[in-house]
Amino acid sequence: MAGQYIEAMRPAALFDAIATPLRLLPSQCAVCRSWARQRLCEACARRYAAPCPRCRRCAIGVPAGVAVCGACLTLAPPFDGAIAAVDYAYPWDELVRRFKFDASLDLADALAHRLLDAVRRSDAPRPDWLLPVPLSAERLRERGYNQAWELARRVARGLPCATDAKLLLRMKDTPHQVALPPGRRAANVRGAFALEPRRRHELQGRSVAVLDDVMTTGATASEIALTLLQAGARSVQVWVLARTPRPGED
Ligand SMILES: [Zn+2]
Ligand SMILES: [Zn+2]
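Residues numbered from 1 in each chain as written. Chains lettered and ligands numbered in written order. Predicted model: local features only at pLDDT ≥ 70, side-chain atom pairs only at ≥ 80, totals over all residues. Heavy atoms only, no water.

## As for the pairing of strand β4 (residues 129–132)
Our working definition: Exposed residues in this analysis have more than 50% of their type's maximum accessible area, buried residues have under 20%, and partly exposed residues fall in between, with area computed by a 1.4 Å probe over protein chains only. By the criteria applied, helices consist of DSSP H or I runs no shorter than four residues and strands consist of E runs no shorter than two, each listed in order from the N terminus. Only strands that DSSP links by at least two bridges are regarded as paired with each other.
On β4, burial covers both faces: Trp 129 and Leu 131 on one face and Leu 130 and Pro 132 on the other are all buried. Pairing geometry for β4 and strand β5 (residues 162–163), over two bridges, is parallel. Counted as the bridge partner of Trp 129 is Ala 162 from β5. Where β4 meets strand β8 (residues 207–215), four bridges bridge the pair, whose relative direction is parallel. Opposite Leu 130, over in β8, you have Ala 209 as the bridge partner.

## What about the coordination of the zinc ion (ligand 1)?
Note the threshold: Because water is not among the atoms used, a metal site may look incomplete, as its donors are only the N, O and S atoms within 2.8 Å, or 3.2 Å for Na, K and Ca. By the criteria applied here, four donors are tetrahedral when all angles lie between 85 and 135 degrees, four are square planar and six octahedral when opposite donors are over 155 degrees apart and every other angle lies between 65 and 115, and any other arrangement is irregular.
Distances from the zinc ion (ligand 1) to its protein donors, namely Cys 29 (SG), Cys 32 (SG), Cys 41 (SG) and Cys 44 (SG), fall within the range 2.3 to 2.4 Å. In this structure, the zinc ion (ligand 1) is surrounded by four donor atoms whose angles at the metal cover 105 to 115°, and the resulting shape is tetrahedral. Look at where the donors of the zinc ion (ligand 1) fall in the sequence and you get C-x2-C-x8-C-x2-C.

## Re the environment of Ser 104
To keep things clear, this is the line we draw: The contact criterion used throughout is that any non-hydrogen atoms of two residues lie within 4.5 Å.
Looking at where Ser 104 falls in the secondary structure, it is placed in the loop between α4 (92–101) and α5 (108–121). Here the alpha-carbon distance between Ser 104 and Gln 147, two residues 43 residues apart in the chain, equals 9.9 Å. Excluding residues that lie within four positions of it along the chain, Ser 104 makes contacts with Arg 98, Phe 99 and Tyr 145.

## Observations concerning the packing of helix α8 (residues 182–189) against helix α9 (residues 219–230)
Rules: Angles run from 0 to 180 degrees between N-to-C directions of axes, and those axes are lines fitted to C-alpha atoms, restricted for helices to the stretch in contact. Working rule for handedness: look at the near helix, and if it is turned counterclockwise from the far one by less than a right angle, call the crossing left-handed; if clockwise, right-handed. When residue character is reported, Ala, Val, Leu, Ile, Met, Phe, Trp, Tyr, Cys and Pro are called nonpolar, Asp, Glu, Lys and Arg charged, and the others, Gly included, polar.
Look at α8 against α9: their axes get within 8 Å of each other, and the N-to-C directions meet at 30°. For the crossing formed where α8 meets α9, the hand is right-handed. Contacts between α8 and α9 involve Arg 185, Ala 186 and Val 189 from the first element and Ala 219, Thr 220 and Glu 223 from the second. Its residues assigned to classes, the contact of α8 with α9 comprises three nonpolar, one polar and two charged.

## What to know about the coordination of the zinc ion (ligand 2)
For the zinc ion (ligand 2), every protein donor is listed as Cys 55 (SG), Cys 58 (SG), Cys 69 (SG) and Cys 72 (SG), and the spread of their distances is 2.3 Å. Each donor residue of the zinc ion (ligand 2) lies on one chain, and together they are spaced C-x2-C-x10-C-x2-C.

## As for the nonpolar core
One recurring pattern in soluble globular proteins is that nonpolar side chains are buried together. This is how the line gets drawn: Only buried Ala, Val, Leu, Ile, Met, Phe, Trp, Tyr and Cys residues count toward a nonpolar core, and they belong to the same one when joined by side-chain atoms within 4.5 Å.
With 44 residues, the main nonpolar core has Leu 40, Leu 130, Val 155 and Trp 239 as its most contacted residues. Breaking this core down by element, the ones donating at least two residues are α2 (42–48), β3 (81–87), α4, α5, α7 (147–158), β8 and β9 (235–243). Of the residues forming this core, the biggest block, eight residues, is contributed by α5. In contact with Leu 130, other than residues within four places in its own chain, are Ala 152, Val 155, Ala 156, Cys 161, Ala 162, Thr 163, Asp 164, Ala 209, Leu 211 and Trp 239. Val 189, Ala 192, Ile 224 and Leu 228 belong to the second largest nonpolar core, which has 27 residues in total.

Now the structure itself:
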């Protein structure tokens, strides 16, 4: 398992080796194409990543002055709170797609920066562990990198806090959540996650933030939160780059 993981991480390590000197050069903004020092220029960051009020529990956009959304008041999720940097809408949907499916690792710094900003703005307690939502070994081999880990290691470096891609494991490859109706998504991920058996004790009494690129229904985050709490974690937060607005909202 570990061997496969290291093998699959190579493209990202190679990218790091090449990208580090390139960071010193100007590049084109991934949204407006103007020349900038980062892959997202400051004007686009201000325009598209402006902070907005979000539900403290699930990070969905809410009207100003509202702390917790109606859905969370009716049925609170198993995680204690959530942070999202942006809505999963233009231009983030396209940037995340490129980052995830087109191997655009050059976007990782700019995307991680948005989430780091949102975390720093929030009053959420700093977790003991920041854990990326894992991919199955098969998906990791296919893609060559885990996009959540690429964000997590950058966010953790900025805080700083401990992070690890091998503590939380995905035990089975499940169909893509986006391919399923919302009502089927919880069943799809049930039992999909576990902790590395020899390292369960490392979570005892610890606070954890789970990091993913996008949260839609929260089914994956909820399943992971339950797994971590059962393993003895004291509290679980969810940090995502982008939160899908509920249907009819944008
Ligand atoms: Zn721009
Ligand atoms: Zn909510």
